[in-house]
Amino acid sequence: MEMRDIILDKRYGKRLSEEQIQFFVRGVTDKSIPDYQISALLMAIVLNGMDSSEMTDLTLMMARSGQTLDLSALSQRIVDKHSTGGVGDKCTPIVLPLVASFGIPVVKLSGRGLGFTGGTIDKLESIEGFRTEIPFSRFSEYVARCGAVLSAQTPELAPADKELYSLRDVTGTVESIPLIASSIMSKKIAGGADAIVLDVTCGDGAFMRDIDRARELSQAMIDIGRIAGKPVTCVITSMRQPLGHCVGNILEMHEVEEFFLGKAAEDLNTVCLTLAASMIRMSDILTTEDLSEIIDQIQRKIDSGEARKAFVSFIHSQGGQTSIDGSLIFKDKPMVRFEINAERDGYIREVLASDIGKASVLLGAGRKVKSDIIDPGAGLILRKKIGDYVRTGDCLCSLYTGEHADPGSASLNEAVGLAQKAYVIGSDEQAHPDEVIDILY
Ligand code: URA
């Protein structure tokens, strides 16, 4: 078999056979296919697409390109969750303890942030002592202790996806439904999930800019799950503006703490409860099929403080430090460096998630390149969101860096410019956007 023929077949819009996809994934993993040929095929896939059986073959072969986790020792159905990425997305450290508090084991592998959507691992590492490198062999021990374990994705898991993703990143081939769907599903399958809940973000700060593309991506992942015997639920959520009020590692973890004290922003609350309820509905400790009834059950656990206990016990289980009252101890202190004020009266029409995300990276909350060092105290607090009424001079958002960062750096000015551009104020009343747009299975 020749790689050149595989590229030509896809270039002319043909369906790739299982053998061709296997040849390709093997060659990516053992590095026998040069980057230029891999990139050429990736571009042909972007342009001519793949059908569901090609996508499933690609997914399963990438999942088997390295180590796969066997979680059968936990003797319960493992339901995993994943987000296609968003600004201010701190759902994982909220949803995990919520689901674990129902006696449902949760095993989650998460990534570090690259680009303007932050990574869960970076957020949790802003807590003093929190360990994110947990060996697979100890997962059961952690789950027995607090019901959940979260670890950094290792290079041994779906290594073909890792190779492909780094090439996609530099060849303009990230935004492709078959490539995103197979990338996400291969990691979930290799991670041992029996069923999967996917938060498919949609809007300015997401890969899928409009609802039709978000539905198409969801359907592709549901189809792959069906063929692979792993049921998938997709919750399509809005990323027109950042989720919640905080963007940045310590700031977001502080917002997570507030959630468990019953003080969450409404959009964050709705998204987290819907994701957690969808996971519970797919587990084998099903209480009811009715999502709103499960949401009520979760709300009762938040109100009674049981959910907060589960959260603190998850933090302690992985070495994270808290003070006696259970509040998190962080590695740094966020300091306000600039406040952006409204220049006119009116209603907030947009808080563009991509600009806020880019501003957070400039402040030091994320990485432009893999080797960048994160400032855990950096980020933004959004004081106003879409639909809010403001008067001239009201604070729209505050920009933070860590205590020891240089507040006079040029990046601060650039971040201020982006945050100013993110806020659009209009005269007409503006509805608060729906945060959960659709749920597909
Ligand atoms: N997240 C992934 O894991 N892969 C993609 O291709 C896009 C988002």
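Predicted, not measured: the structure shown is a model, and the values here were computed from it.

Novice: Account for the side chain of Thr 288, with residues named and values stated.
Specialist: By the element assignment, Thr 288 lies in the loop between α12 (266-282) and α13 (291-304). Within the local environment of Thr 288, its side chain forms a polar contact with the backbone nitrogen of Asp 290, the two atoms lying 2.9 Å apart. Look past the residues within four positions of Thr 288 in its chain and what remains in contact with it is Glu 293, Ile 294 and Gln 297.

Novice: Account for the domain arrangement of the chain, naming residues and giving values.
Specialist: On domain assignment, one finds that the chain holds domain 1 (3-49), domain 2 (72-317) and domain 3 (334-426). The C-alpha-based centres of domain 1 and domain 2 are spaced at 30 Å. For the pairing of domain 1 and domain 2, the buried interface totals around 1,000 Å² over both sides, and the portion due to carbon and sulfur atoms is 81%. The largest contributions to the domain 1 side of the interface with domain 2 come from Val 28, Leu 42 and Val 46, which together make up 42% of the buried area. Residue Lys 31 pairs with Glu 163 through a salt bridge whose shortest N-O separation is 2.7 Å. Contributions of two or more residues to the side of domain 1 that touches domain 2 are made by α2 (18-29) and α3 (35-48). Looking at which element gives the most residues to the side of domain 1 that touches domain 2, the answer is α3, with 7 residues. For the side of domain 1 that touches domain 2, the per-class residue count stands at 8 nonpolar, 3 polar and 2 charged.

Novice: An account of the packing of aromatic side chains is needed here, citing residue identities and associated values.
Specialist: A complete count under the given rule lists 5 aromatic pairs for this structure. Over the ring of Tyr 142 we find Arg 145, and its NZ or CZ is 4.4 Å from the ring centre. Between Lys 301 and the ring centre of Phe 102, over which it is positioned, the NZ or CZ distance is 4.7 Å.

Novice: If you had to explain the nonpolar core to someone new, which residues and values would you point to?
Specialist: Core analysis: the largest hydrophobic core is formed by 80 residues, its most contacted members being Leu 98, Ile 298, Phe 314, Ile 356 and Leu 399. In this structure, Leu 399 is in contact with Met 335, Val 336, Arg 337, Phe 338, Ile 340, Leu 363, Gly 379, Leu 380, Leu 412, Ala 415, Val 416 and Ala 419, ignoring residues within four places of it in sequence.

Novice: Account for the sheet that holds strand β10 (residues 389-390), with residues named and values stated.
Specialist: Reading across the sheet, the 3 strands line up as β10-β8-β12 and stay open at both edges, with antiparallel pairing between neighbours. What marks the edges here is a single partner per strand, and that holds for β10 and β12 (423-426). Bridge count between strand β8 (residues 346-351) and β12: 4 bridges; the pairing is antiparallel. Paired with Glu 350 across the two strands is Val 424, which belongs to β12. On top of the sheet, helix α16 (residues 410-422) reaches β8 and β12; it is set at about 35° to β12, its chief contact.

Calculation rules
Residues numbered from 1 in each chain as written. Predicted model: local features only at pLDDT ≥ 70, side-chain atom pairs only at ≥ 80, totals over all residues. Heavy atoms only, no water. Helix = DSSP H or I, 4+ residues; strand = E, 2+ residues; numbered from the N terminus. Polar contact = N/O pair within 3.5 Å; in protein donor to acceptor, adjacent residues only side chain to side chain. Contact = heavy atoms within 4.5 Å. Domains from an automatic or database assignment. Buried area = accessible area lost by both parts, 1.4 Å probe. Salt bridge = Lys/Arg side-chain N within 4 Å of Asp/Glu carboxyl O. Nonpolar A, V, L, I, M, F, W, Y, C, P; charged D, E, K, R; others polar. Phe/Tyr/Trp six-rings, centres within 6.5 Å; stacked < 30°, edge-to-face > 60°. Lys NZ or Arg CZ within 6 Å of the ring centre and 35° of its normal. Core = buried A, V, L, I, M, F, W, Y, C linked by side-chain atoms within 4.5 Å. Buried < 20%, exposed > 50% of the residue type's maximum accessible area, 1.4 Å probe, protein only. Pairing = 2+ DSSP bridges. Axes fitted to C-alpha atoms, helices over the stretch in contact; angles between N-to-C directions.

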